[in-house]
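# Descriptive structure summary
The residues making up each chain are set out below.
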Amino acid sequence: MKLAVDHLTHYRYDHEVKFSTQYLRLTPQNTARQRIVEWSLNLPEQATRVVDGFGNLQHVLTLDRPHEVIAIRAKGVVEIADNSEAILEECGPLSPLVFLRSSPLTQADEAIRAFAARYYRAQAADESLRELMAELRQRMPYTPGATQVQDSAAKVFAAQHGVCQDHAHVFLACCRSLRIPARYVSGYIYSEDTKHVAMHAWVEVWLNEHWQSFDITNNTCNPSQHLKLAVGFDYLDACPVRGSRIGGGYEEMFSEATVEQTEEQQAGGQQQ
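The notes below deal with the structure included here. (Residues numbered from 1 in each chain as written. Predicted model: local features only at pLDDT ≥ 70, side-chain atom pairs only at ≥ 80, totals over all residues. Heavy atoms only, no water.)

Before going further, it helps to examine the pairing of strand 7 (residues 199–207). Most of strand 7 is tucked away, with eight of its nine residues classed as buried. Relative to strand 7, strand 6 (residues 182–189) is paired through seven bridges, and the arrangement is antiparallel. Considered in strand 7, the bridge of Y184 is made with V203. Pairing between strand 7 and strand 8 (residues 210–214): five bridges, direction antiparallel. Among the inter-strand pairings, V205 is bridged to a residue of strand 8, identified as Q212. Taking the residues between adjacent antiparallel strands as the criterion, strand 7 and strand 8 are bridged by two residues, where N208 takes a positive phi near 55°. (Buried < 20%, exposed > 50% of the residue type's maximum accessible area, 1.4 Å probe, protein only. Helix = DSSP H or I, 4+ residues; strand = E, 2+ residues; numbered from the N terminus. Pairing = 2+ DSSP bridges.)

What follows is the structure, encoded as structure tokens:
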């Protein structure tokens, strides 16, 4: 499946910002499951491209002149393997054991530890984690606007609602409480439902010597409609845009992403 992505992030401030730095994880990489056909970033200034400690491509955008708006646009085409679930995702630059570490957003409390232990069976790790995913999705209905990005796994689990980011944080807390390496994934997802949010988050768990995807929000382990951007311990490590500034007053942020099948892909499907 070939997917065309167009993602705009726009900041507007009440007053002039004297200085700002944005850390952008908006550039995907080739993996066993995805191939980058074309990709570009449209930025107000040239950014420095680096590879962060997790192996993500990151651009550091620094604006050291007064400004009241920032517009960031990522656009491209990526081909996703149809049999993604069957393709083994390799270890990567870091040992999977690194992802046993919890973060403030993914710290398990007693309720989460008990929930994870109730469903997990070491002799059937894959099957029982799928059951855990399904139960978590049922316990925490997808509820846009009910949580904030700084809410911890324990808080959203107790509230019993959340969005993809919250589902990922709780599942990470469950896995790490069971001493299973797991990492947060940010990216995009394709859906035929035009109302579906294109920005997405899911989890990769180290099982059977490879990374296996668990999309809790959609209750699936098949990432054939997922485009990976970045990985980390939690949202803060992998979020597409994160920054700091001096001045500006009140900030208004608008972000919109579309993910569509390419015309070439659609034409090919009609001919079959």
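This part covers the nonpolar core. Grouped together as the largest cluster of nonpolar side chains are 63 residues, with contacts concentrated most on L129, V170, F171, Y188, V205 and F214. With eight residues, helix 4 (residues 164–177) is the largest single contributor of residues to this core. If we skip the residues at most four places from it in the chain, L129 touches Y120, F171, C175, I180, V205, L207 and F214. Grouped together as the second largest cluster of nonpolar side chains are eight residues, F54, W202, W211 and F233 included. (Core = buried A, V, L, I, M, F, W, Y, C linked by side-chain atoms within 4.5 Å. Contact = heavy atoms within 4.5 Å.)

Between helix 2 (residues 125–139) and helix 4, the shortest axis-to-axis distance is 11 Å and the interhelical angle comes to 140°. Here helix 4 runs oblique to helix 2, going by the angle between their axes. As for the relative orientation of helix 2 and helix 4, their crossing is right-handed in sense. Between helix 2 and helix 4, the contacting residues are L129, L132, M133, L136 and R137 on the first element and H167, V170, F171, C174 and C175 on the second. Looking at the contact of helix 2 with helix 4 residue by residue, the classes come out as eight nonpolar, one polar and one charged. (Axes fitted to C-alpha atoms, helices over the stretch in contact; angles between N-to-C directions. Parallel < 35°, antiparallel > 145°, perpendicular 65-115°, else oblique. Left-handed = near helix turned anticlockwise from the far one by under 90°. Nonpolar A, V, L, I, M, F, W, Y, C, P; charged D, E, K, R; others polar.)

Another aspect to go through is helix 2. Taking 1.5 Å as the rise per residue, helix 2 with 15 residues should run 21 Å; its terminal C-alpha atoms sit 21 Å apart, in good agreement. All of the buried residues along helix 2 are A125, S128, L129, L132, M133 and L136. All buried residues of helix 2 lie within an arc of 150° about the axis, which places them on one face of the element. In this fold, the buried residues of helix 2 make contact with helix 1 (110–119), helix 3 (153–159), helix 4, strand 7 and strand 8. (Expected span 1.5 Å × (residues − 1). Arc of directions from axis to C-beta.)

Evaluated as defined, the whole model comprises 15 salt bridges. Between R65 and E45 there is a salt bridge, with its nearest N and O atoms 2.9 Å apart. Note that R65 is positioned in the loop between strand 4 (57–63) and strand 5 (67–80) and E45 in the loop between strand 2 (34–42) and strand 3 (48–51), a separation of 20 residues in sequence. When its relative accessible area of 33% is taken as the criterion, R65 is described as partly exposed. You can call E45 partly exposed: its relative accessible area is 34%. Among the charged side chains, a network of salt bridges with common partners joins R33, E89, R183, E204 and K228. (Salt bridge = Lys/Arg side-chain N within 4 Å of Asp/Glu carboxyl O.)

Before going further, it helps to spend a moment on the packing of aromatic side chains. Throughout the structure, instances matching the rule amount to 10 aromatic pairs. Relative to F99, the ring of F54 has its centre 6.0 Å away and its plane inclined at 35°; by these criteria the two rings are tilted. Of this pair, F54 sits in the loop between strand 3 and strand 4 while F99 sits in the loop between strand 5 and helix 1, and the two are 45 residues apart along the sequence. Comparing F54 with F99 shows no difference in burial state: the two are buried. Plain terms: the ring middles of F115 and Y119 are 5.3 Å apart, the flat faces sit at 65° to each other, and that makes the pair edge-to-face. Residue F115 and its partner Y119 are both found in helix 1; the two are separated by four residues, about one turn of the helix. Judged by its relative accessible area of 3%, F115 falls in the buried class. An aromatic cluster is present here, built from F54, F99, W206, W211 and F233 joined pairwise through their rings. When the ring centre of F233 is taken as reference, the NZ or CZ atom of R101 above it lies at 4.7 Å. If you follow R183 out to its NZ or CZ, it ends over the ring of F99, 5.9 Å from the centre. (Phe/Tyr/Trp six-rings, centres within 6.5 Å; stacked < 30°, edge-to-face > 60°. Lys NZ or Arg CZ within 6 Å of the ring centre and 35° of its normal.)

What follows is about the state of the cysteines. Taken as a whole, this structure holds zero disulfides when the rule is applied. Between C164, a free cysteine, and C239, which holds the nearest cysteine sulfur, the sulfur-to-sulfur gap is 13 Å. For C164, a relative accessible area of 13% puts it in the buried group. No disulfide involves C174; its sulfur sits 6.7 Å from that of C175, the nearest cysteine. (Disulfide = S-S within 2.5 Å.)

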